[in-house]
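Listed below are the residues making up each chain.
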Amino acid sequence: MTAGTKALLVHLLTASGAAWAILAMLAAGERHWDVMFIWLVVALFVDGIDGPLARHYDVKKNAPIFDGVLLDLIVDYLTYVFVPAYALFKSGLLPGWTGWFAIIVITFASAMYFADTRMKTRDCSFSGFPACWNMVVLVLFALHPAWWVTMVAVTLLAVAMFVPMKFIHPTRTKRWRAVNLPVSVAWLGFAGWAAFVNFHPESWSFWGLAITSVWLFLAGGLQQLVYGPDG
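What comes next concerns the included structure. (Residues numbered from 1 in each chain as written. Predicted model: local features only at pLDDT ≥ 70, side-chain atom pairs only at ≥ 80, totals over all residues. Heavy atoms only, no water.)

1. So, the overall build of the protein
Point 1. Scanning the protein for helices and strands turns up nine helices and two strands.
Point 2. For 231 residues, the compact-globule formula gives about 17 Å, and the C-alpha radius of gyration of the protein, at 17 Å, lands near that figure.
Point 3. Its C-alpha atoms give the protein principal-axis dimensions of about 50 × 40 × 35 Å.
Point 4. Counting only residues that meet the buried cut, the protein has 44% of its 231 residues in that class.
Point 5. A separation threshold of at least 6 residues defines the contact pool for the protein, and within that pool the share at least 24 residues apart is 78%. (Helix = DSSP H or I, 4+ residues; strand = E, 2+ residues; numbered from the N terminus. Rg over C-alpha atoms; globule rule 2.2 N^0.38 Å. Buried < 20%, exposed > 50% of the residue type's maximum accessible area, 1.4 Å probe, protein only. Contact = heavy atoms within 4.5 Å.)

Here is the structure:
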């Protein structure tokens, strides 16, 4: 198999995220939340491996006809933002006007964030909350907090996208990767488990989700605090 073919296959793997997104959207339309999140977890797994593969097979050199960065952003907006925002609106976690407010804030602010040239820091972390609404909404489904807690969380995270606080990239941020990568894999496992049991309130997956989510949310800020904003 030629280098060009291998690089093209990586692009196709990235593009498959759009298929997982539409399958998740169809499940959300039927309110099959467990199925929807399983597709989103699959998409998140693909997103986690396609970047390292793209760098390994040097897609910019070997398959330059496709812009891998743009393709990844398109797919990420669907799976990280659009489908989760729709699910949050349809779920009833935010009643009345609060649901409308949330989906407008999430989709609008995330579009601006994805176009922000300051999105990445020098150590390949994210500057500001990286619009991982798929992860946020899954945790909200699992914990099912009061509507005002969900509303506050959505508002603060939308603002946090434009605050110069670091958020780690599980595979590209080198510092603490030996911890961050396994925690990210564990989060995927707990997320899949929670979806598989249809968010049963007695599932131990909730504890795993809570612990891993707190670490992934705070790890970048801790690095920034210890090593400084440019560390």
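Now that the structure has been shown, the text picks up again.
2. Here we look at helix α5 (residues 97–114)
Two residues of an α-helix separated by three or four positions point the same way, owing to the 3.6 residues in each turn.
Point 1. Given a rise of 1.5 Å per residue, 18 residues ought to cover 26 Å, and the 26 Å separating the end C-alpha atoms of α5 matches this to within 8%.
Point 2. Looking only at α5, the buried set comprises Thr-98, Gly-99, Ala-102, Ile-103, Ile-106, Ala-109, Ser-110, Tyr-113 and Phe-114. End-on, the buried residues of α5 take up no more than an arc of 160°, which puts them together on one face. In α5, those exposed residues whose orientation departs by more than 90 degrees from the buried face are Trp-97, Trp-100, Ile-104 and Phe-108.
Point 3. Residues of α5 that are buried in the fold lie against α4 (68–91), β1 (126–127), α6 (133–143) and α7 (147–160). (Expected span 1.5 Å × (residues − 1). Arc of directions from axis to C-beta.)

3. What to know about the side chain of Asp-76
Point 1. By the element assignment, Asp-76 lies in helix α4.
Point 2. Nearest to the buried, unbridged Asp-76 among oppositely charged side chains is Lys-120, at 8.0 Å.
Point 3. Apart from residues no more than four positions distant in its own chain, Asp-76 is found in contact with Asp-47, Val-81 and Phe-114. (Lys, Arg positive; Asp, Glu negative; His and termini not counted. Salt bridge = Lys/Arg side-chain N within 4 Å of Asp/Glu carboxyl O.)

4. A closer look at the nonpolar core
Point 1. Met-36, Phe-37, Leu-88, Phe-129, Trp-133, Trp-187 and Phe-199 are the most contacted members of the largest nonpolar core, which has 57 residues in total.
Point 2. Listing elements by their share of this core, those giving two or more residues are α1 (3–29), α2 (33–56), α4, α5, α6, α7, α8 (177–196) and α9 (205–227).
Point 3. Looking at this core element by element, the count peaks at nine residues for α6.
Point 4. Ranked by size, the runner-up nonpolar core spans five residues in total, among them Ala-7, Val-10, Ala-54 and Val-59. (Core = buried A, V, L, I, M, F, W, Y, C linked by side-chain atoms within 4.5 Å.)

5. A few points about a positive patch on the surface
Point 1. A contiguous patch of positive charge on the surface is contributed by Arg-55, Lys-60, Lys-120, Arg-172, Lys-174 and Arg-177.
Point 2. Inspection of the secondary structure puts Arg-172 in the loop between β2 (166–167) and α8. (Patch = residues over 30% accessible without salt bridge, like charges linked within 9 Å, V, L, I, M, F, W, Y side chains within 5 Å. Areas by Shrake-Rupley, 256 points an atom, 1.4 Å probe, with all protein chains shown as cover. Charge placed at Lys NZ, Arg CZ, Asp CG, Glu CD.)

6. Comments concerning the packing of aromatic side chains
Point 1. Enumeration according to the criterion identifies 16 aromatic pairs in this entry.
Point 2. Here the aromatic rings of Tyr-113 and Phe-114 are separated by 6.5 Å at their centres, their planes lie at 65°, and the arrangement is edge-to-face.
Point 3. The buried category is assigned to Tyr-113, whose relative accessible area is 1%.
Point 4. Pairwise contacts between aromatic rings join Trp-33, Phe-37, Phe-141 and Phe-199 into one cluster.
Point 5. The ring of Tyr-227 carries the charged tip of Arg-175 above its face, separated from the ring centre by 3.8 Å. (Phe/Tyr/Trp six-rings, centres within 6.5 Å; stacked < 30°, edge-to-face > 60°. Lys NZ or Arg CZ within 6 Å of the ring centre and 35° of its normal.)

7. Thoughts on the pattern of salt bridges
Point 1. This structure, assessed with the given rule, holds two salt bridges.
Point 2. With a closest N to O distance of 2.9 Å, Asp-116 and Arg-118 form a salt bridge.
Point 3. Taking relative accessible area as the criterion, Asp-116 reaches 17% and is therefore assigned buried.

8. Some words on the state of the cysteines
Point 1. Taken as a whole and assessed by the stated rule, the structure comprises zero disulfides.
Point 2. Here Cys-132 stays unpaired: no disulfide links it, and the sulfur of Cys-124, its closest cysteine neighbor, is 16 Å away. (Disulfide = S-S within 2.5 Å.)

9. Some thoughts on a nonpolar patch on the surface
Point 1. A surface patch of nonpolar side chains, about 650 Å² in accessible area, is lined by Val-214, Phe-217, Leu-218, Leu-222, Leu-225, Val-226 and Tyr-227.
Point 2. Residue class for Phe-217 comes out partly exposed when judged on its relative accessible area of 33%.

10. A few points about the environment of Asp-47
Point 1. Mapped onto the fold, Asp-47 is located in helix α2.
Point 2. The spacing of Asp-47 and Tyr-86 is 39 residues in sequence and 20 Å in space, taken between C-alpha atoms.
Point 3. Here Asp-47 is in contact with Asp-72, Asp-76 and Tyr-80, once residues within four sequence places are set aside.

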